[in-house]
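A closer look at the structure
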Amino acid sequence: QVQLVESGGGLVQAGGSLRLSCAASGHTFSMYCMGWFRQAPGKEREFVAGINWSGSSTYYADSVKGRFTISRDNAKKTVYLQMNSLKPEDTAVYYCAAANRNVIVITENEYDYWGQGTQVTVSS
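Residues numbered from 1 in each chain as written. Predicted model: local features only at pLDDT ≥ 70, side-chain atom pairs only at ≥ 80, totals over all residues. Heavy atoms only, no water.

Structural notes on the sheet that holds strand 7 (residues 68-73)
Within the open sheet, the four strands sit side by side as 1-3-8-7. Their pairing is antiparallel. Where the open sheet ends on each side, the last strands, each with one partner, are strand 1 (3-7) and strand 7. Taking each pair of neighbouring strands and ignoring which way they run, the sheet shows an average axis angle of 15°. Direction of pairing for strand 7 relative to strand 8 (residues 78-83): antiparallel, over a ladder of six bridges. If you follow Thr69 over to strand 8, its bridge partner there is Gln82. (Pairing = 2+ DSSP bridges. Helix = DSSP H or I, 4+ residues; strand = E, 2+ residues; numbered from the N terminus. Axes fitted to C-alpha atoms, helices over the stretch in contact; angles between N-to-C directions.)

Quick notes on the nonpolar core
The nonpolar side chains of soluble globular proteins are, as a tendency, buried together. Core analysis: the largest hydrophobic core is formed by 30 residues, its most contacted members being Leu4, Met34, Trp36, Leu81, Met83 and Tyr94. Only strand 3 (18-25), strand 4 (33-39), strand 5 (46-51), strand 7, strand 8, strand 9 (92-99) and strand 11 (118-123) provide two or more residues apiece to this core. Not counting residues up to four positions away in its chain, the partners in contact with Tyr94 are Glu6, Leu20, Trp36, Phe37, Arg38, Val48, Phe68, Leu81, Met83, Gly117, Thr118 and Val120. Formed by seven residues, the second largest nonpolar core is a distinct cluster that contains Phe37, Ala99, Val105 and Tyr111. (Core = buried A, V, L, I, M, F, W, Y, C linked by side-chain atoms within 4.5 Å. Buried < 20%, exposed > 50% of the residue type's maximum accessible area, 1.4 Å probe, protein only. Contact = heavy atoms within 4.5 Å.)

Observations concerning the state of the cysteines
By definition, a disulfide links the sulfur atoms of two cysteines through a covalent bond. Scanning the entire structure with this criterion turns up one disulfide. Between Cys22 and Cys96 runs a disulfide, and the two sulfur atoms are separated by 1.9 Å. Here Cys96 lies in strand 9 and Cys22 lies in strand 3, a separation of 74 residues in the sequence. When its relative accessible area of 0% is taken as the criterion, Cys22 is described as buried. Free of any disulfide, Cys33 has its nearest neighbouring cysteine sulfur in Cys96, separated by 11 Å. With a relative accessible area of 0%, Cys33 lands in the buried category. (Disulfide = S-S within 2.5 Å.)

What follows is the structure, encoded as structure tokens:
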């Protein structure tokens with residue numbers, strides 16, 4: 001069982017930066033693929049970034065490539081999403097998720113555990 005708690009969301013101006021954190025409980029954190037998803041008002045939840053269990057491999061949605069960076073610290077049981085050059089269209093609730101997979105997965109139904117989400121609002 002893995003419990004996930006996101007933090008670090010907030011209000012930022014366009015062009016600014018935020019770093020999201022997702023703290024996990026459970027002794028098997030290091031075995032999980034971790035992902036970040038987001039859901040904007042009136043839209044479906046979408047994949048943002050994923051990282052494999054060791055942190056050696058990452059994958060990004062085209063919309064955030066080059067601006068966002070996902071990383072993890074298995075000793076701290078935490079995954080991060082560094083978001084730079086933020087745009088108003090990045091406004092959404094951001095969720096972290098854990099998948100008991102040894103590769104990066106990008107679809108919602110492959111993830112086993114979800115956090116409660118953290119709001120990110122980017123003003124123009």
